[in-house]
Amino acid sequence: MTTPERFFCADAARARDDAFVGTAPFGSAWILIEYRRGWPANGFDGLDLDPETKTLVFTAARASRARILLVRRHGRRRPEGSDRWAVLHHDSSGALRQQWGRWHRDQDLAQIVTALDAPGVRGLAPVVLVCAHGTHDACCAVRGRPVGQALGERWPDLVWECTHVGGDRFAANVVVVPDGVYYGNLDARSAVTVIEDHLADRIRADHLRGYTTLRPPQQAAVAAVLRHFGPAGRHDHAVTATVADGDGWRVRISGRAPYARVFDVEVRARRTPARQLTCRGPANSSALVYDVTSISDG
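So, about the packing of helix H4 (residues 138–154) against helix H5 (residues 188–199). Contact geometry for H4 and H5: axes closest at 8 Å, N-to-C directions at 45 degrees. By the angle between their directions, the pair H4 and H5 is classed as oblique. Between H4 and H5 lies a crossing whose hand is right-handed. Residues Pro146, Val147, Ala150, Leu151 and Arg154 of H4 lie in contact with H5, whose contacting residues are Ala188, Ala191, Val192, Ile195 and Glu196. By residue class, the composition of the contact of H4 with H5 is eight nonpolar, no polar and two charged.

What the largest pocket holds in volume is close to 340 Å³. In terms of lining, the largest pocket is formed by 17 residues, of which the most central are Asn42, Phe44, Asp45, Arg67 and Ile68. Only helix H2 (51–64) and strand E2 (66–72) provide two or more residues apiece to the lining of the largest pocket. Broken down by element, the lining of the largest pocket gets its largest block of residues, four residues, from E2. Class assignment of the residues belonging to the lining of the largest pocket gives a composition of seven nonpolar, six polar and four charged.

Attention now goes to H4. Here H4 contains 17 residues, and its C-alpha end-to-end distance of 25 Å stays within 8% of the 24 Å for a straight helix at 1.5 Å per residue. A maximum bend of about 35 degrees is found in H4 at Gly144, where proline Pro146 lies one to four positions downstream. Buried within H4 are the following residues: Ala138, Cys139, Cys140, Gly144, Val147, Gly148, Ala150 and Leu151. For H4, the secondary structure elements touched by its buried residues are helix H1 (9–16), strand E6 (127–131), strand E7 (159–162), strand E8 (174–177) and H5. Two or three places before Cys139, at the opening of H4, Asp137 has a side-chain oxygen 3.0 Å from that residue's backbone nitrogen.

This next bit is on the pairing of strand E1 (residues 29–34). Here E1 lies mainly inside the structure; six of its six residues are buried. Neither face of E1 is exposed, since Ala29, Ile31 and Ile33 on one face and Trp30, Leu32 and Glu34 on the opposite face are all buried. Strand direction decides the pairing type here: E1 and strand E3 (residues 83–90), joined by five bridges, are antiparallel. Bridging across to E3, Leu32 finds its partner in Ala86. Regarding topology, H2 serves as the crossover connection from E1 to the parallel E2, and that connection is right-handed.

With that settled, consider the sheet that holds strand E14 (residues 288–297). The strand order across the open sheet built from four strands is E11-E12-E13-E14, with neighbouring strands paired in antiparallel fashion. A single partner strand is all that each edge strand has here, and the edge strands are strand E11 (237–245) and E14. Averaged over all adjacent pairs, the angle separating strand axes in this sheet is 25 degrees, with direction ignored. Note: strand E13 (residues 262–271) against E14, nine bridges, orientation antiparallel. In the sheet register, Arg268 faces E14, and the bridge partner there is Asp291. With respect to the sheet, helix H6 (residues 216–229) is in contact with E11, strand E12 (248–255), E13 and E14, its orientation differing from that of E14 by roughly 50 degrees.

The ten strands lie next to each other as E5-E4-E3-E1-E2-E7-E6-E8-E9-E10, forming an open sheet whose pairing is mixed. With partners counted over all chains shown, the strands left at the sheet margins are strand E5 (121–122) and strand E10 (208–211), one partner each. Bridging between E8 and strand E9 (residues 181–183) involves three bridges; their strand directions are antiparallel. The residue bridging Val175 from the neighbouring strand is Tyr182, located in E9. Docked against the sheet, H2 engages E1 and E2, running at close to 125 degrees with respect to E2.

All right, on to unusual backbone geometry then. If a residue is not glycine, its phi is most likely negative; likewise, a peptide bond is most likely trans. Along the chain, Ala171 connects to Ala172 via a cis peptide bond; the corresponding omega equals 0 degrees. For Ala172, the position within the fold is in the loop between E7 and E8. At the junction of Val177 and Pro178, the peptide bond is cis and its omega measures out at 0 degrees in the coordinates. Inspection of the secondary structure assignment puts Pro178 in the loop between E8 and E9. For Arg65, which is not glycine, the phi dihedral falls at a positive 55 degrees. In this fold, Arg65 is placed in the loop between H2 and E2. In this model, Asn185 sits at a positive phi of 55 degrees, which is unusual for a non-glycine residue. With respect to the helices, strands and loops of the structure, Asn185 is situated in the loop between E9 and H5. Of the residues examined, Asn185 reaches a relative accessible area of 18% and is grouped as buried.

What follows covers the nonpolar core. In this structure, Leu151, Val174, Tyr183, Ile195, Leu208, Tyr211 and Leu226 are the most contacted members of the largest nonpolar core, which totals 39 residues. Ranked by residues supplied to this core, first place goes to H6 with six residues. For Ile195, the residues in contact, after removing those within four places along its chain, are Val128, Leu151, Trp155, Val174 and Val176. Core analysis: the second largest hydrophobic core is formed by 21 residues, Ile31, Leu49, Val57 and Ala66 among them.

Calculation rules
Residues numbered from 1 in each chain as written. Predicted model: local features only at pLDDT ≥ 70, side-chain atom pairs only at ≥ 80, totals over all residues. Heavy atoms only, no water. Axes fitted to C-alpha atoms, helices over the stretch in contact; angles between N-to-C directions. Helix = DSSP H or I, 4+ residues; strand = E, 2+ residues; numbered from the N terminus. Parallel < 35°, antiparallel > 145°, perpendicular 65-115°, else oblique. Left-handed = near helix turned anticlockwise from the far one by under 90°. Contact = heavy atoms within 4.5 Å. Nonpolar A, V, L, I, M, F, W, Y, C, P; charged D, E, K, R; others polar. 1 Å grid on protein atoms, 1.4 Å probe; cavity = no way out; pocket = protein on both sides within 12 Å on 5 of 7 lines; lining within 4 Å. Points joined across faces, edges and corners; volume = space filled by probe spheres on them. Expected span 1.5 Å × (residues − 1). Bend = angle between axes of the 7 residues up to and from the residue. Buried < 20%, exposed > 50% of the residue type's maximum accessible area, 1.4 Å probe, protein only. Polar contact = N/O pair within 3.5 Å; in protein donor to acceptor, adjacent residues only side chain to side chain. Pairing = 2+ DSSP bridges. Right-handed = clockwise from strand over helix to strand, strands pointing away. Core = buried A, V, L, I, M, F, W, Y, C linked by side-chain atoms within 4.5 Å.

Here you go:
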């Protein structure tokens, strides 16, 4: 009797050439909690923490629409010392801000609640998160950990492995925060190139899943402009109008110098056939795909 071949969602997605543009989840705030022990499959929700503190953090995160991620450095096992926490976000003016702290006891994490409303510090280097949450999805570990190692060796102060960020089948997934940029389908070599470009404010479309400050059709429109006209900085293109049109959208994108052009991008949505989308998926399901049908000068 033969053993059935194990299913890996990222292998299947690449074989199907699944589209990943427009798959960055919407949001502008992140809470990072360093946790060097084993990660539960459901991340922060599954931690055995002081219930009152846990509820405080969860409630504040939900009110701020902040995503809570457990993080750790690749390959480092330090039994002593305290762990870190961070709040990273775009403020109302669009500026990127960070606030960091340390926690020894569960109750120390209550500082996160105050930090969510604090101004934070501007001008700090971004944080590079690599999803390596193997207890949530095998592909996140199989593909994510080699990427975490490669990036961590190059930028040891910037890179953390993290829990589930969404889109398991696009592993390895990397998120740069608080910039709010999702990259997918990476390996160790391509990840170094992508992050090197990102840190130089050159975002390319090749592995771009989207910007978390935009809705999926807008993400697809911006990626199409980058694909057609070349890499640009994170804020070199702005979505200035989005008009729903039947099963699609007309997205207007304005560039700032030296990309001072205006584009109208037509985007259409379609559903894929039902299929298994994650390694542990209990049933087949379909996904929305955002196709760009035209780009014209506005």
